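Single-letter residue listing:
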There are 2 protein chains.
Amino acid sequence: MKNKIFIVGMGPGKEEMLTGEAIGALEASDVIVGYHVYLDLLGERFSEKEFLTTPMRQEEQRCRMCFEEAQKGKTVSMICSGDAGVYGMASLMYQVGKEYPACELFVIPGITAALSGAAVLGAPLTHDFCVISLSDLLTPWEKIEKRLAMAAQGDFAMAIYNPSSHKRRDYLQKACDILLGYIEPERPCGYVENIGRQDTKATICTLGELRNREVNMFTTVFIGNATTEVIGDKLVTRRGYHIERKDD
Amino acid sequence: MKNKIFIVGMGPGKEEMLTGEAIGALEASDVIVGYHVYLDLLGERFSEKEFLTTPMRQEEQRCRMCFEEAQKGKTVSMICSGDAGVYGMASLMYQVGKEYPACELFVIPGITAALSGAAVLGAPLTHDFCVISLSDLLTPWEKIEKRLAMAAQGDFAMAIYNPSSHKRRDYLQKACDILLGYIEPERPCGYVENIGRQDTKATICTLGELRNREVNMFTTVFIGNATTEVIGDKLVTRRGYHIERKDD
């Protein structure tokens, strides 16, 4: 029998945003490995577990830690904020896992910020949408620019992750400038800070206004499509276009 | 105080895929409204609740049913498979809700098939991705074609919903033909049938092979990006491109 490692999507933070499956995986684990901020969010419930961590940038070492513990016969969970796959650790775990054939990986999905942020704003991602990260840490900026242009031309609604950091203060502005090449400045947009935390804050604005907003790194930004409107204080994208409804 | 209506994303089906927040909303409700297939999935746990439904196509009537019940002073949950927003009922609830100002809506996110299907396949949606539905019931087919072309040119990984139905047997083939205009036929892809049910089945194939596969309407299809590879029996997209890692 192979040693089990769960890669667990924890959702945005609050314990009630975890699925039952995620809680079951954590409960079944002897060791929980993760970035310390996420470990802290778990709170008291799993306080009898062994916790292991590495500094922020050492993701590959964190993966190896999981496999080394599993090879000792322990059941291990690697925790990720949001989903386990979307900008999460599942991919790197499979890469590193090539060297550890005695271990078997199980990916437990979680509520990624596109979904949790959209729920706070209303329903901006009703229809086809794109998820795009502005972080150029591992991706050439030109590729990000191309994706923004393609998403705008395809009339996709968008969820934008990592819109800002200490060294990337003007990236959201640069991104908006690309979008404004295809989309009218009046297009309804929104952003949510600290999703799933005590101080969640949602803001609705136009794309033109968004260009000049400064957001922090704990923010997810939403761009409406051609059908998106503001209803009350909510951002709502229609579930289709005005065509005669066809029989399916 | 306003009457509360929760719009609840139930995830792919199994109760363990619901979040604690979703279970809490259902438990707090007097009435649960939904399409009967989703009501059946809820099983025994909520059997003391009042259940209301409408035939499949009468979504607007189903929304009105929620507001009418809420106006009687009842707490109501509208349930949706997957997420409450993504191809879900949240948008239509806000539209219809313009006529019912005494009611307040709360969107509870859920695990959409892009996330639950990706977890079964491995990690195909690690990086930027698009979600596209092939249903042209409410969207002109030309718009869907344009989105597929833009997603391919942007090197997005993709999750494709509603790839087939009784009257749209050749839509996945048509979609693959568009993608093959930009993507090599060897591109790793995959699809998952009956996600989150007892008979979940995952298949990995190339884009060229996918073109000739027949899939049923309970299938979600995944298209890899330029970095996607098959590791063992899993579909894995890298979390970035081969560039020198920048300090953030």
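First, a word on what this report is: a plain description of the structure on this page. Predicted model, so just to flag it, every value in this text is computed and none were measured. (Residues numbered from 1 in each chain as written. Chains lettered and ligands numbered in written order. Predicted model: local features only at pLDDT ≥ 70, side-chain atom pairs only at ≥ 80, totals over all residues. Heavy atoms only, no water.)

## Overview of the overall build of chain A
Link 1 in the chain: For chain A, the helix and strand inventory stands at 8 helices and 13 strands.
Link 2 in the chain: Against the compact-globule benchmark of 18 Å for 248 residues, chain A has a radius of gyration of 20 Å, which places it among compact chains.
Link 3 in the chain: Projected onto its principal axes, the C-alpha positions of chain A cover 60 × 40 × 40 Å.
Link 4 in the chain: Expressed as a percentage of the 248 residues in chain A, the buried residues total 60%.
Link 5 in the chain: Contacts in chain A between residues far apart in sequence, at least 24 positions, make up 70% of those at least 6 positions apart.
Link 6 in the chain: Accessible surface computed for chain A: about 9700 Å², of which carbon and sulfur atoms make up 48%. (Helix = DSSP H or I, 4+ residues; strand = E, 2+ residues; numbered from the N terminus. Rg over C-alpha atoms; globule rule 2.2 N^0.38 Å. Buried < 20%, exposed > 50% of the residue type's maximum accessible area, 1.4 Å probe, protein only. Contact = heavy atoms within 4.5 Å. Areas by Shrake-Rupley, 256 points an atom, 1.4 Å probe, with all protein chains shown as cover.)

## Concerning the packing of helix 6 (residues 141–153) of chain A against helix 6 (residues 141–153) of chain B
Link 1 in the chain: Contact geometry of helix 6 of chain A with helix 6 of chain B gives a least axis separation of 9 Å together with a crossing angle of 180 degrees. When the interaxial angle is binned, helix 6 of chain A and helix 6 of chain B end up roughly antiparallel. Contacts from K146, M150 and Q153 of chain A of helix 6 of chain A reach helix 6 of chain B at K146, M150 and Q153 of chain B.
Link 2 in the chain: Tallied by class, the residues present in the contact of helix 6 of chain A with helix 6 of chain B amount to 2 nonpolar, 2 polar and 2 charged. (Axes fitted to C-alpha atoms, helices over the stretch in contact; angles between N-to-C directions. Parallel < 35°, antiparallel > 145°, perpendicular 65-115°, else oblique. Nonpolar A, V, L, I, M, F, W, Y, C, P; charged D, E, K, R; others polar.)

## Structural notes on the pairing of strand 11 (residues 219–223) of chain B
Residues and elements named next belong to chain B.
Link 1 in the chain: The buried fraction of strand 11 amounts to 5 of the 5 residues, a majority that puts the element mostly inside the structure.
Link 2 in the chain: Across the two faces of strand 11 the burial is the same, with T219, V221 and I223 and T220 and F222 all buried.
Link 3 in the chain: Taken together, the 3 bridges between strand 8 (residues 157–161) and strand 11 define a ladder with antiparallel strand orientation. Among the inter-strand pairings, M158 is bridged to a residue of strand 11, identified as I223.
Link 4 in the chain: Looking at chain direction, strand 9 (residues 188–193) and strand 11 are connected through 5 bridges and run antiparallel. Residue pairing in the sheet places V192 in a bridge with T220 of strand 11. (Pairing = 2+ DSSP bridges.)

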